[in-house]
Amino acid sequence: MKYPVIIRQALVFASALHFACACVASAAPDSPESLLRQFDESVHLRQIAFASEEVVDHEIGLGAIQKIRGEWRFKHSERQSGTLLSYTWQVGDGYSAAEMMAQLIDAVSRIEGATSLFACDGRACGRAVQWANWAFKERVLYGREDDQQYRVFSFGGEQAARLIAYSAERTADRQYLHVELLLTA
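The sections below set out a description of the structure shown in this document.

Definitions and cut-offs
Residues numbered from 1 in each chain as written. Predicted model: local features only at pLDDT ≥ 70, side-chain atom pairs only at ≥ 80, totals over all residues. Heavy atoms only, no water. Helix = DSSP H or I, 4+ residues; strand = E, 2+ residues; numbered from the N terminus. Buried < 20%, exposed > 50% of the residue type's maximum accessible area, 1.4 Å probe, protein only. Contact = heavy atoms within 4.5 Å. Areas by Shrake-Rupley, 256 points an atom, 1.4 Å probe, with all protein chains shown as cover. Expected span 1.5 Å × (residues − 1). Pairing = 2+ DSSP bridges. Axes fitted to C-alpha atoms, helices over the stretch in contact; angles between N-to-C directions. Disulfide = S-S within 2.5 Å. Salt bridge = Lys/Arg side-chain N within 4 Å of Asp/Glu carboxyl O.

1. Concerning the overall build of the chain
Then comes step 1: Each helix and strand in the chain was counted, giving four helices and eight strands.
Then comes step 2: Start at the N end of the chain and walk to the C end: the helices and strands fall as α-α-β-β-β-β-α-β-α-β-β-β.
Then comes step 3: For the chain, the proportion of its 185 residues judged to be buried stands at 46%.
Then comes step 4: Pairs at least 24 residues apart make up 69% of the contacts formed inside the chain by residues separated by at least 6 positions.
Then comes step 5: Accessible surface for the chain amounts to roughly 9800 Å². Of this, 52% is attributable to carbon and sulfur atoms.

Structural data, given as structure tokens:
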């Protein structure tokens, strides 16, 4: 059954709150790295991809993806260099990608020095196929545009770590959470 947007958002929030309460046993993360370890050990997430690489002038989207003069680009972006950790998880056990994104946002908000740099939901983010193929180069992330979410967080100021999170829902059993952590040099 397709619910109106406000009811879907309320259901997602209620589910995320229930899930967060069920996870009281796990400690609050003290850093983005410990947060990623907690997510990687979650019984509700199955890691399907991981990469660690040194990047130079890695582009981080701070705006929706749009076509500009025939090329796909972020409306706004910044470039950073450092070590990039990329995780892609498939969501399981009846949870949704939106619920896992809500849990991630809640956990990030409890890390000292975390600042939200950009957030978008649904079609406001741009084309889902471009997020999957162009931005993240993970075609499995391609899902419905109405259900995508994208967030960028900063830790410790302008030249500090960046956490990039994207959730995608293709079908009820094919939902994904992709998180990148850029540790600047």
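2. Here's the deal with helix α3 (residues 97–109)
Then comes step 1: Along its 13 residues, α3 runs 18 Å from first to last C-alpha, staying within 8% of the 18 Å computed at 1.5 Å per residue.
Then comes step 2: Along α3, the positions that sit buried rather than exposed are A97, A98, E99, M100, M101, Q103, L104, A107 and V108.

3. Considering the sheet that holds strand β4 (residues 77–91)
Then comes step 1: The strand order across the open sheet formed by six strands is β1-β4-β8-β7-β6-β5, and the pairing between neighbours is antiparallel. Looking at strand neighbours, the two that pair on one side only are β1 (45–61) and β5 (114–121), the edges of this open sheet. Between one strand axis and the next, the sheet turns through 15 degrees on average, direction left out of account.
Then comes step 2: With 10 bridges joining them, β4 and strand β8 (residues 174–184) adopt antiparallel strand pairing. Paired with Y87 across the strands is V179, a residue of β8.
Then comes step 3: Set on the sheet, helix α2 (residues 32–40) makes contact with β1, β4, β6 (149–155), β7 (161–171) and β8; between it and β8 the angle comes to about 155 degrees.

4. Some remarks on the state of the cysteines
Then comes step 1: Per the stated rule, a full pass over the model turns up one disulfide.
Then comes step 2: Covalently, C120 is tied to C125 through a disulfide, its sulfur atoms 2.1 Å apart. Across the disulfide from C120 to C125, rotation about the S-S bond amounts to roughly 120 degrees, and the bridge is consequently right-handed. Note on accessibility: C120 and C125 belong to one class, buried.

5. Points about the pattern of salt bridges
Then comes step 1: Across all of its chains, the model carries 10 salt bridges by this definition.
Then comes step 2: A salt bridge links R73 to E71, with the nearest nitrogen and oxygen atoms 3.4 Å apart.
Then comes step 3: Accessibility expressed as a relative area gives 38% for R73, which makes it partly exposed.
Then comes step 4: Ionic pairing is found between R110 and D106, a salt bridge with its closest N-O pair at 3.4 Å.
Then comes step 5: Within this structure, R123, R127, E145 and D146 form a network of salt bridges that share partners.

6. Re helix α4 (residues 128–135)
Then comes step 1: What α4 keeps buried is the set A128, V129, Q130, W131 and A132.
Then comes step 2: Close packing links the buried residues of α4 with β2 (65–68), β3 (71–74), β6 and β7.
Then comes step 3: Just downstream of α4, K137 is the residue with a positive phi angle, here 55 degrees.

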